[in-house]
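Structural features, examined
So you can see what is in the structure, the chains are spelled out below.
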Amino acid sequence: MTCKSKKTKTALAILLSILCLEVANASNEELATAVKESIQQEFGKDAELRSVVIKDLTLIQESDNKYRGLLEISSPEGEEKLAVNVTTDNENLIWEIAD
C-alpha cells in the first residue's frame, strides 16, 4: 500500500466519521423537535400549564431507542430546567419529565 492510498483511506475514514456524527445530530434534533411539540400539546391541555413556554430541549442518546435530555422552560413563576426521558421506536415516542 502506498503512502498516498493510506492518506486517502484515512481522509475517507475521517470524512465518514464526520458525516455519521452530523446524521446522528440531525436525528437527535428532529426527535427533540417532535418531543417539544408533544410536550407543548400536553401543556396546552392543562389550564395551569398553558402559560409554560418551552425554550429548548437537548437530547442525548443513551441506547438504541432511549434518550435523556434537558428541557428548558419559562413560565410566569420563572425559568426552570427539567430532566426528560424519551423512548422511541422511530414511529412512536414516549416522554417523561423526571422528578
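It should be noted that the structure appears before, not after, this text.
First things first, this report covers the structure right here in the doc. (Residues numbered from 1 in each chain as written. Predicted model: local features only at pLDDT ≥ 70, side-chain atom pairs only at ≥ 80, totals over all residues. Heavy atoms only, no water.)

Quick word on the overall build of the protein chain
Threshold: Working definition: helices are DSSP H or I runs of at least four residues, strands are E runs of at least two. Numbering for both runs from the N terminus. Relative accessibility decides the category of a residue: with a 1.4 Å probe and only protein chains considered, values under 20% of the type maximum give buried, values over 50% give exposed, and everything between is partly exposed. Should any heavy atoms of two residues lie within 4.5 Å, those residues are considered in contact. Computed by Shrake-Rupley with a 1.4 Å probe, the accessible areas treat only the displayed protein chains as cover when residues are assessed.
Along the protein chain, the regular secondary structure elements total one helix and four strands. For the protein chain, the succession of helices and strands along the chain, N to C, is α-β-β-β-β. In the protein chain, which comprises 99 residues, the share counted as buried stands at 19%. Of the contacts formed within the protein chain by residues at least 6 apart in sequence, a portion of 24% connects residues at least 24 apart. Carbon and sulfur atoms make up 53% of the accessible area of the protein chain, which totals about 7,400 Å².

Remarks on the side chain of Thr-88
Note the following rule: Polar contacts, as counted here, are pairs of nitrogen or oxygen atoms within 3.5 Å of one another; within protein the pair requires one atom able to donate a hydrogen and one able to accept it, and residues that are adjacent in sequence qualify only if both atoms are side-chain atoms.
Here Thr-88 is to be found in strand β3 (residues 78–88). From its side chain, Thr-88 meets the backbone oxygen of Asn-92 in a polar contact 2.8 Å long. Excluding residues within four positions of it along the chain, Thr-88 makes contact with Leu-31, Asn-65, Tyr-67 and Leu-93.

So, the nonpolar core
Going by this rule: We define the nonpolar core as a collection of buried residues of types Ala, Val, Leu, Ile, Met, Phe, Trp, Tyr and Cys that are connected through side-chain atoms lying within 4.5 Å of one another.
Membership of the largest hydrophobic core comes to 15 residues, with the highest contact counts inside it found for Val-35, Leu-57, Leu-59, Leu-71 and Val-86. Going through the elements one at a time, α1 (3–44), β1 (53–61), β2 (66–75) and β3 are the ones with two or more residues in this core. The element contributing the most residues to this core is α1, with five residues. Those residues in contact with Val-35, other than ones at most four positions away along the chain, are Leu-57, Leu-59, Val-86, Leu-93 and Trp-95.

Notes on the pattern of salt bridges
Inclusion rule: Here, a salt bridge means any Lys or Arg side-chain nitrogen found within 4 Å of an Asp or Glu carboxyl oxygen.
Counted under the stated rule, the structure contains three salt bridges. In this structure, the salt-bridge partner of Arg-68 is Glu-62, at a minimum N-O distance of 2.7 Å.

Points about the environment of Leu-71
Along the chain, Leu-71 falls in strand β2. Those residues within four positions of Leu-71 in sequence are excluded, and the remaining contacts are Ile-39, Ile-54, Asp-56, Leu-57, Glu-80, Lys-81, Leu-82, Val-84 and Ile-97.

Looking at the sheet that holds β2
Worth spelling out the cut-off: Note on pairing: DSSP must find at least two bridges between two strands before they are called paired. Inter-axis angles, ranging from 0 to 180 degrees, are taken between N-to-C directions of lines fitted to C-alpha atoms, where helices are fitted over the stretch in contact.
Ordered in space as β1-β2-β3-β4, the four strands form an open sheet in which the pairing is antiparallel. Here the strands that pair on one side only, and so sit at the sheet edges, are β1 and β4 (93–97). Taken pair by pair, the neighbouring strands of this sheet meet at an average axis angle of 25°, ignoring direction. As defined by bridge partners, β3 adjoins β4 across five bridges and the pair is classed as antiparallel. In the strand pairing of β4, Val-86 is matched with Trp-95.

Points about the layout of surface pockets
So the rule is basically this: Using protein atoms alone on a 1 Å grid, points that fit a 1.4 Å probe yet trap it form a cavity, whereas open point sets bounded by protein on both sides within 12 Å along at least five of seven lines form a pocket; residues with an atom within 4 Å of a point count as lining. Grid points are joined across faces, edges and corners, and a volume is the space filled by probe spheres set on the points. Residue polarity follows a fixed list, in which Ala, Val, Leu, Ile, Met, Phe, Trp, Tyr, Cys and Pro are nonpolar, Asp, Glu, Lys and Arg are charged, and the others, Gly among them, are polar.
By volume, the largest pocket amounts to about 150 Å³. Top contributing element to the lining of the largest pocket by residue count: α1, with three residues. A breakdown of the residues in the lining of the largest pocket according to their chemical character gives four nonpolar, four polar and one charged.

Interpretation in functional terms is not warranted from these geometric data alone.
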